[in-house]
Amino acid sequence: YTIHKDRKGALWFGTSVFGACRFDGQSIKWMYEKDLTIVPNGGSFGIRSIFEDREGSFWICNTLHRYVFDVEKTEKSDRLQYQKINGIGDAEIFGGDDYIYYSYILEDNTGDLWLTTWDKGVYRYDGKNITHYPVKDGNKDVNLVSMYKDNQGILWLGTPENGAFKFNGNTFVKFKL
């Protein structure tokens, strides 16, 4: 589902049901966490997004946990060695859920993290607060499949049926030529 290059140059791969792996140029090491792959109501979400933040924590497809990987211990093991730390959660903002699954995450030019969901819009996390940005085409909620930050730092969303959306500083609006 995803490929991410970390700050040390290692490549990370997210899979549909086998977890995530890291390739450092010499070896491949794997991790599997049930809550990263299997959603609470059943079914497989898979590892759709991997991102390393400025502090070196990894965000992997849901907000329940962040992960800190120990490269030295990993080198001596057959699997990735890591520590789970608390992620972010807010049942009030996340529509009654303590955490959400997201399909894409990126960092904007100010250091805020942006997370896209399939049908619940976009969330911004500034290190303290979570802000929700519903994405609509008229009154209809829009399903999201990707997010991109352009060279000017503007955020764009890709959808399967509604074209592209662009962030105008307050909301995401449908892009029109």
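A short tour of the structure in this document, coming up. (Residues numbered from 1 in each chain as written. Predicted model: local features only at pLDDT ≥ 70, side-chain atom pairs only at ≥ 80, totals over all residues. Heavy atoms only, no water.)

Structural notes on the environment of Tyr 99
(1) Moving on: Mapped onto the elements of the fold, Tyr 99 is located in the loop between strand S8 (82–86) and strand S9 (104–107).
(2) Moving on: Other than its neighbours up to four places away in sequence, Tyr 99 contacts Pro 40, Asn 62, Thr 63, Leu 64, Ile 88 and Phe 94. (Helix = DSSP H or I, 4+ residues; strand = E, 2+ residues; numbered from the N terminus. Contact = heavy atoms within 4.5 Å.)

A few points about the side chain of His 4
(1) Moving on: The residue His 4 is located in strand S1 (residues 2–5) in this model.
(2) Moving on: There is a polar contact of 3.4 Å between the side chain of His 4 and the backbone nitrogen of Glu 52.
(3) Moving on: Setting aside anything within four residues of it in sequence, one finds His 4 in contact with Ala 10, Leu 11, Trp 12, Ile 50, Phe 51, Glu 52 and Phe 58. (Polar contact = N/O pair within 3.5 Å; in protein donor to acceptor, adjacent residues only side chain to side chain.)

Observations concerning the pairing of S1
(1) Moving on: What you see with S1 is a clean split: Thr 2 and His 4 sit on the buried side and Ile 3 and Lys 5 on the side with no burial.
(2) Moving on: Relative to strand S2 (residues 11–14), S1 is paired through 4 bridges, and the arrangement is antiparallel. By the bridge assignment, Thr 2 is partnered in S2 with Gly 14.
(3) Moving on: Following S1, the chain reverses through 5 residues before pairing antiparallel with S2; Gly 9 in that reversal takes a positive phi of roughly 95 degrees. (Buried < 20%, exposed > 50% of the residue type's maximum accessible area, 1.4 Å probe, protein only. Pairing = 2+ DSSP bridges.)

So, the sheet that holds strand S17 (residues 164–167)
(1) Moving on: If you trace the 4 strands from one edge of the open sheet to the other, you get S15-S16-S17-S18, paired in antiparallel fashion. Among the strands making up the open sheet, the edge pair consists of strand S15 (146–149) and strand S18 (172–174). Each adjacent strand pair in this sheet contributes to an overall mean axis angle of 30 degrees, direction not counted. (Axes fitted to C-alpha atoms, helices over the stretch in contact; angles between N-to-C directions.)

Quick word on unusual backbone geometry
(1) Moving on: Look at Cys 61: it is not a glycine, yet its phi comes out positive at around 55 degrees.
(2) Moving on: Checked against the element boundaries, Cys 61 lands in the loop between strand S6 (58–60) and strand S7 (65–69).
(3) Moving on: Residue classification places Cys 61 among the buried positions, given a relative accessible area of 0%.

Let's talk about the packing of aromatic side chains
(1) Moving on: Overall, the coordinates contain 17 aromatic pairs when judged by the stated rule.
(2) Moving on: With a centroid separation of 5.4 Å and an interplanar angle of 50 degrees, the aromatic rings of Phe 69 and Tyr 82 are classed as tilted. Here Phe 69, found in strand S7, pairs with Tyr 82, found in strand S8; they are 13 residues apart in sequence, far enough to count as distant.
(3) Moving on: Owing to a relative accessible area of 15%, Phe 69 belongs among the buried residues under this scheme.
(4) Moving on: Accessibility expressed as a relative area gives 25% for Tyr 82, which makes it partly exposed.
(5) Moving on: Through a chain of ring-to-ring contacts, the aromatic side chains of Trp 12, Phe 58, Tyr 67, Phe 69 and Tyr 82 assemble into a single cluster. (Phe/Tyr/Trp six-rings, centres within 6.5 Å; stacked < 30°, edge-to-face > 60°.)

Side note on the pattern of salt bridges
(1) Moving on: Taken as a whole and assessed by the stated rule, the structure comprises 7 salt bridges.
(2) Moving on: Here Arg 22 ties to Asp 6 by a salt bridge, and the two come within 3.8 Å at their closest N and O atoms. A residue pair is termed long-range when its members are at least 10 positions apart, and Arg 22 in strand S3 (residues 20–23) and Asp 6 in the loop between S1 and S2 qualify at 16 residues.
(3) Moving on: What makes Arg 22 buried here is its relative accessible area of 9%.
(4) Moving on: Across the pair Arg 54 and Glu 107 runs a salt bridge, and its minimum N-O distance is 3.3 Å. (Salt bridge = Lys/Arg side-chain N within 4 Å of Asp/Glu carboxyl O.)

Some details on the nonpolar core
When a protein is soluble and globular, its nonpolar side chains tend to lie buried together.
(1) Moving on: Met 31, Ile 60 and Phe 69 are the most contacted members of the largest nonpolar core, which totals 17 residues.
(2) Moving on: Those elements giving two or more residues to this core turn out to be S6 and S7.
(3) Moving on: If near-sequence neighbours (up to four positions away) are discounted, Phe 69 is found in contact with Trp 12, Met 31, Phe 58, Ile 60, Leu 80, Gln 81 and Tyr 82.
(4) Moving on: Counting residues in hydrophobic clusters, the runner-up holds 13 residues, among them Trp 114, Tyr 133, Val 135 and Phe 167. (Core = buried A, V, L, I, M, F, W, Y, C linked by side-chain atoms within 4.5 Å.)

These results come straight from atomic positions and should not be treated as a statement about function.
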